[in-house]
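Read off the chains here:
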Amino acid sequence: MKRWLAVFMAVGLVLASMGCGRKEAQTADSGEAKTATEGKTPEGSEAAGSTEVVAGEAADNQEGKRVIGFCPPTMNNPFFYWIEQNVRKAVEARGDTLITMDPQLDQQKQIEQVEDLLTQGIDALLLCPYDSNSIKSALVSASEKGVPIIIFDTPVVDSEYVETTVASDNYKAGVVVAEDLKSRLPKGSKIACLVSLAGETDRKRLQGFTDTLGDDYEIVAQLDGKGDTGVSLPLAEDILQAHPDLGAFFCGNDPSAIGAAQAIGAAQKTGEILVYGVDGSPEAKAAIKAKEMTGTGAQSPTNIANYAVEAAYACLNGESLEENTVVPTFIINQDNIDTYGTEGWQ
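Fair warning: this is a prediction, and the values are worked out from it, not measured in the lab.

Chemist: What am I meant to see in the pairing of strand 10 (residues 295-298) here?
Modeler: Remember that side chains alternate between the two faces of the sheet whenever the strand is regular. Alternating positions in strand 10 separate into two faces, Gly-295 and Gly-297 on one and Thr-296 and Ala-298 on the other, with burial throughout. As defined by bridge partners, strand 9 (residues 274-279) adjoins strand 10 across four bridges and the pair is classed as parallel. Paired with Tyr-276 across the two strands is Gly-295, which belongs to strand 10. What joins strand 9 to strand 10 is helix 9 (residues 282-289), and the crossover it makes is right-handed. In the sheet, strand 10 pairs with strand 12 (residues 330-333) via four bridges, with the strands oriented antiparallel. Following the sheet pairing, Gly-295 is matched in strand 12 by Asn-333.

Chemist: Would you mind showing me how to read the sheet that holds strand 10 here?
Modeler: Strands pair in a sheet through their backbones, by hydrogen bonds, and they do so in one of two ways: parallel or antiparallel. Ordered in space as 7-6-8-9-10-12, the six strands form an open sheet in which the pairing is mixed. Edge positions in the sheet fall to strand 7 (218-223) and strand 12, since each of these pairs with one other strand and no more. Across the sheet, the mean angle from the axis of one strand to that of its neighbour is 20 degrees, orientation sign disregarded. Bridge count between strand 8 (residues 248-251) and strand 9: three bridges; the pairing is parallel. Bridge pairing links Phe-249 to Val-275 in strand 9.

Chemist: What's the story with the packing of aromatic side chains in this structure? I'm lost.
Modeler: Two measures describe an aromatic ring pair: the distance that separates the ring centres and the angle between the ring planes. Under the definition given, this model contains six aromatic pairs. One aromatic cluster in this structure is built from Phe-70, Phe-79, Phe-80, Phe-152 and Trp-345. Over the ring of Tyr-313 we find Arg-94; its NZ or CZ atom is 4.3 Å from the centre of that ring.

Chemist: Even after reading the chapter, I still don't get the sheet that holds strand 5 (residues 164-168), so can you show me in this structure?
Modeler: Taken together, six strands build an open sheet; the order of strands is 2-1-3-4-5-11 and the sheet is parallel. Across the chains shown, the open sheet's two edge strands, defined by having one partner strand only, are strand 2 (97-100) and strand 11 (324-327). With strand direction ignored, the average angle separating the axes of adjacent strands in the sheet is 15 degrees. Sheet analysis places strand 5 next to strand 11, joined by four bridges and oriented parallel. Note on strand 11: the bridge partner recorded for Thr-165 is Asn-324. Most of the contacts of helix 2 (residues 78-93) go to strand 2, to which it runs at about 160 degrees, and overall it touches strand 1 (67-71), strand 2, strand 3 (124-127) and strand 4 (149-152). Sitting on the sheet, helix 3 (residues 107-119) is in contact with strand 1, strand 2 and strand 3, with an inclination near 175 degrees to strand 1.

Chemist: Explanation requested: the nonpolar core in the structure shown.
Modeler: In summary, soluble globular proteins display a tendency toward joint burial of nonpolar side chains. Of all hydrophobic cores here, the largest spans 32 residues; its most connected members are Ile-68, Phe-70, Ile-83, Val-87, Leu-126, Ile-150 and Phe-152. At the level of secondary structure, the elements contributing two or more residues to this core comprise strand 1, helix 2, strand 3, strand 4 and helix 10 (301-316). Among the elements that take part in this core, helix 10 stands out by supplying eleven residues, more than any other. Not counting chain neighbours up to four residues away, the residues in contact with Ile-83 comprise Phe-70, Phe-152, Pro-301, Ile-304 and Ala-305. One finds Leu-194, Val-220, Ile-258 and Ala-298 within the second-largest nonpolar core, a separate group that totals 25 residues.

Procedures and definitions
- Note that residues are indexed from 1 along each chain, following the sequence as it is written.
- Under the rules for a predicted model, residues below a pLDDT of 70 receive no local features and side-chain atom pairs below 80 are neither given nor counted, while totals for whole chains, interfaces and linings still include all residues.
- Note that water and hydrogens are dropped before the side-chain values are worked out from all heavy atoms of the structure.
- Each residue is placed in one exposure class: buried if its accessible area under a 1.4 Å probe, protein chains only, is under 20% of its type's maximum, exposed if it is over 50%, and partly exposed if it falls in between.
- The helix and strand labels rest on DSSP assignments: H or I over at least four residues marks a helix, E over at least two residues marks a strand, and numbering proceeds from the N terminus.
- In this description, strands pair whenever DSSP reports at least two bridges between them.
- Orienting the strands away from the viewer, one traces the path from the first strand over the helix to the second; a clockwise path indicates a right-handed crossover.
- Lines are fitted to the C-alpha atoms to define the axes, a helix being fitted only along its stretch in contact, and any angle between axes, read from their N-to-C directions, falls within 0 to 180 degrees.
- Pairing of aromatic side chains here covers Phe, Tyr and the six-membered ring of Trp, requires ring centres within 6.5 Å, and sorts the geometry by plane angle: under 30 degrees stacked, over 60 edge-to-face, intermediate tilted.
- Placement of a positive charge over a ring is assigned whenever Lys NZ or Arg CZ falls within 6 Å of the ring centre and within 35 degrees of the normal to the ring plane.
- By definition, residues are in contact when any of their heavy atoms lie within 4.5 Å.
- Take the buried residues of types Ala, Val, Leu, Ile, Met, Phe, Trp, Tyr and Cys, join any two whose side-chain atoms come within 4.5 Å, and each joined set is a nonpolar core.

Quick look at the structure:
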């Protein structure tokens, strides 16, 4: 946030906690955070259904302590739950406070919750937008209050308001899935896609997938599974009924892929239809091991969390940041599942 730093320096104020710009090159060599194994999974916790997972007031913190806001699209997703757990460990290890919100896949609610975080006096905001475009008003509000924004996982359209974006190579995730599919599925086969195009993440994954497929396959359906197993399951069932000769499902994330796999299982077609997701979640890896899923374009939420926290504190300490930090993606399938295992995230 170079313009803020310049203004503060001009009036002679030393506010290191507010100063931030973009540096030419930032390495991601901070190492992986320890995996978080404590607490319940999203499906079994109160966090899955609550609007505000952790309510905290900046005024309750000791003088000099920092308050970090964390706002993903939902906490009812193992990927975001894992990121939050690792972010929390890193923030609290510094003696600071993390306030976590849960918009429950509601963009207007997410905007309101960001405003709530700003009212509570957060020092920095870690944000993953539900909608890359519609989140703009929240970005503007944070910028006007001088609160640095670190975007993680899903880039925003109005990136001029943010300090840096920490995200997986989502285009590459689609590419590696398509390459694996092409090695297993004959040309001309029918494919269905369950993706949520409100966020740039799924758009890039789908683009990487379709660009790599070329014209060799037929996309017969593309529906919004909202990245949720419960939403994707009935959609997959409808697709299977409409296209009994379907060859594969490509899903924007692992929860949607689990829904597709469940629909295929209910139709007694497990092993006959390929199922791909993106994430590399423990649940997906277990499904791959059980041959209920074919593969997943894996990413590392541990590294995303780690890099996002490092970026936030670097910014608060007046250091400059590069525009993007890219976390590599790769395929996990039945050929290498034993290498990665089914316990925890990579």
